[in-house]
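Okay, here's what each chain looks like letter by letter:
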Amino acid sequence: MPTLWKITLEILRQRQNQPPHVELFELEVDPDENVLDCIERVWAFHDRSLTFRHACHHSTCGACGMRVNGVEKLTCITPVREVTHPNGVLRVEPLRNFPVLSDLVVDVSGFFQRMEQTQLSSIAPLSQAKLPFEPNPPTIWQGQRLIDCIECGLCVSACPAANTSTSYFGPAVLAAAQHVYRQTNNPTVMQLVNCADGLWRCHSAYECSAVCPSNVDPAWRIMDMRRATVAHSLRNIFKRPNQKVAP
Amino acid sequence: MNSRPSILIIGAGFTGCALAHDLSLRGVNVTVLERGEIASGTSGRTHGLLHSGARYCVTDPEAAIECITESRILSQIAAQCIEYNGGLFVALNDQDLAYSAAFEQGAQATGIPIERLSPQQALQREPNLNPNLLAAYTVPDGTFDPLRLALAFAATARQNGAVFLTHHEVQALHADGQGRITKLTAWNRHTGQQQTFTADLIISATGAWAGQIAAMVGASTVVKPTPGIMVAYNQRLVHHAINRLCPPDDGDILIPQRRMVVIGTTSFEVENPDYIPITAEQTEQMQRAAEALVPAIANTQRRGVYMSARPLIVSGSSGRSLSRTFKCYDHEALDGLPGLITITGGKATTCRIMAEKTADLACQKLGLSAPCRTKDVPLRSYRLYYS
């Protein structure tokens, strides 16, 4: 048996359309278990009214993003030992910059609608599923895989610019647009994000890349997309009439 | 619109979502009640192997045939969330090798295309495989994203008019004056309020929890929650689904997914699948099984450890020998409880055919003659679930 830790789970709770309050749950946990397991245990044994989002429990679905002690975490792969200590506190809150439906459940519909506008495919050839500056997989065999972005929304929650404007597209959507543009050179997706609420609202805090649990590096992708957009605009300024320029 | 027959589905896992999609295409008014989120029970936590059926071609040919047929259909209609890179069965010792003959025969009998590779050929395809492997076979396996597969079914169902109410927990089923189960009470966990819903039919698609729903009205089901543990590692060490060439056993499948590999699984029975603790012994057991297939696992960081409760149909025996195929219970014939149907058992790979058979029964009861169309209708983008 592992040595159990006594911890206090502080959960920010909220019924639909009511003010939030904090509720405390005293738990004995294996420090190697993940924060999501603790939350599920509270639901199973202490309070069946607790609501939270989760599905895969191994970081492929992106449903269980929450703020743990003030930092955005994918709770299914966040061991208790990494975020508190024996007799410590674990404060769990819903993601910021999303409407709260109840307790730890946020409304991701606006976010998914914007992601869909970019037409980002969830599957890509192995060589295109990763960041472009990473080496190609050491195989000549041509396979495909699910891309890195799991649409967890951690980047949106951590983004200070998203905190100032609800109309801002947010890091995940801009990163998705960059991914699509680098795959397809399609100017439509560039037009989609070349606006005040798109690429130009970001003020380079890089919080998105700091919290991303899945190697997307949204901040790098936003900067890369800005470069591509500026280059495209400059080419358009200097292009002679009737001269064809690659997009 | 009110003249359309209405069905309430309990549970939004793979089966409930695929069933909502099927019934919506047939013109039924569908409402799905789910106590958590989409795929927050067994479905979301599934291993993620799109089974070619080769795993069952010796021990359970019926399940194998279902899997090869359905994995081909899913790879067409749900390509948006499937890594369809094929799989390998590898023999690591003489006992595995002795299984080859039965495996080849089983694959042929069930129509699963396999190809024998020499150890060198296998290592060329998958350099991280155990270099001491004795033989390998290719199989048409794949890997899927569990949540996105369920969402894709739900998204398409929603586009066709189905209503999904998540965080609605069913608390009671009620009979009308004639003893027909047509009404249920659900607890909206967002608001804390109770609400009743009525329909022409109620279908429980609650998988490992089917017994709990059936017990609300004294109906019978014979499902055994049979959890298994899975361990995810932080590197994509293989690109094929790697199966051990042996009868179905603990830790016999290592799959790639995104930048990870995931080993699974164990098999034991529980009464209540709401919370199943993870034991260190099982985690270590999976680690050893994974290292046997791909030794580099030993130097790879663990990323997640999780548990999922399969709904296995009891057929007089226990554990691994339970049939992987599904069962649709007509409680009118079984318990004299008209209005209630239970669908349980099965696998993620066979969710579409489970939905088809259940919808066939439901339509027959409602006097509808609409045929199933789900084989040929590509699923809409999973993101449209949130539209």
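Residues numbered from 1 in each chain as written. Chains lettered and ligands numbered in written order. Predicted model: local features only at pLDDT ≥ 70, side-chain atom pairs only at ≥ 80, totals over all residues. Heavy atoms only, no water.

Caption draft 1: Local environment of the overall build of chain B. Helix and strand counts for chain B come out as 10 helices and 20 strands. In terms of overall size, chain B behaves like a compact globule, its C-alpha atoms giving a radius of gyration of 21 Å where 387 residues would be expected to give roughly 21 Å. Viewed in the frame of its principal axes, chain B has a C-alpha envelope of about 70 × 45 × 40 Å. Per-residue burial over chain B gives 65% buried out of 387 residues. Sequence-distant contacts, at least 24 apart, represent 71% of the contacts inside chain B between residues at least 6 apart. Put simply, chain B shows about 13400 Å² of open surface, and 47% of that area lies on carbon and sulfur atoms. The positive charge centre, built from 33 side chains, and the negative charge centre, built from 33, are 6 Å apart in chain B. (Helix = DSSP H or I, 4+ residues; strand = E, 2+ residues; numbered from the N terminus. Rg over C-alpha atoms; globule rule 2.2 N^0.38 Å. Buried < 20%, exposed > 50% of the residue type's maximum accessible area, 1.4 Å probe, protein only. Contact = heavy atoms within 4.5 Å. Areas by Shrake-Rupley, 256 points an atom, 1.4 Å probe, with all protein chains shown as cover. Lys, Arg positive; Asp, Glu negative; His and termini not counted. Charge placed at Lys NZ, Arg CZ, Asp CG, Glu CD.)

Caption draft 2: Here's a closer look at the interface of chain B and chain A. At the interface, 47 residues of chain B touch 55 residues of chain A. Between chain B and chain A, a total of about 4500 Å² is buried, with carbon and sulfur atoms accounting for 51% of that surface. Seen at the junction of chain B and chain A, the total is eight salt bridges. When the shortest N-O distance is used, the salt bridge between A:E151 and B:R383 registers 2.5 Å. Looking at the side of chain B that touches chain A, the elements with two or more residues in it are β4 (82–83), α6 (146–159), β17 (260–264) and β18 (302–313) of chain B. (Buried area = accessible area lost by both parts, 1.4 Å probe. Salt bridge = Lys/Arg side-chain N within 4 Å of Asp/Glu carboxyl O.)

Caption draft 3: Summary view of the packing of aromatic side chains. For the structure shown, the criterion picks out 10 aromatic pairs over all chains. Where A:F111 meets A:F112, the ring centres are 5.6 Å apart and the plane angle is 90°; that geometry is what we call edge-to-face. With respect to burial, A:F111 and A:F112 carry one shared label: buried. Here B:F103 and B:Y137 contribute two aromatic rings whose centre-to-centre distance is 5.2 Å and whose plane-to-plane angle is 55°, an arrangement assigned as tilted. Of this pair, B:F103 sits in helix α4 (residues 100–110) while B:Y137 sits in strand β7 (residues 135–139), and the two are 34 residues apart along the sequence. By relative accessible area, which is 1% here, B:Y137 ends up buried. Linked through ring pairs, A:F98, A:F111, A:F112, B:F164, B:Y385 and B:Y386 together constitute an aromatic cluster. Note that A:R48 overlies the ring of A:W43, its terminal NZ or CZ placed 4.2 Å from the centroid. For B:R158, the ring lying beneath its charged end belongs to B:Y385, and the centroid distance is 5.9 Å. (Phe/Tyr/Trp six-rings, centres within 6.5 Å; stacked < 30°, edge-to-face > 60°. Lys NZ or Arg CZ within 6 Å of the ring centre and 35° of its normal.)

Caption draft 4: The arrangement of the domain arrangement of chain B in detail. All names here are of chain B. For chain B, the assigned domains read domain 1 (6–42 + 147–222 + 324–386) and domain 2 (85–140 + 224–313). One C-alpha centre belongs to domain 1, the other to domain 2, and the line joining them spans 32 Å. Facing the 16 residues of domain 1 at the interface are 12 residues of domain 2. Carbon and sulfur atoms supply 54% of the area that domain 1 and domain 2 bury against each other, a total of about 1100 Å² over both sides. Across the salt bridge formed by D274 and R35, the nearest N and O atoms sit 2.9 Å from each other. (Domains from an automatic or database assignment.)

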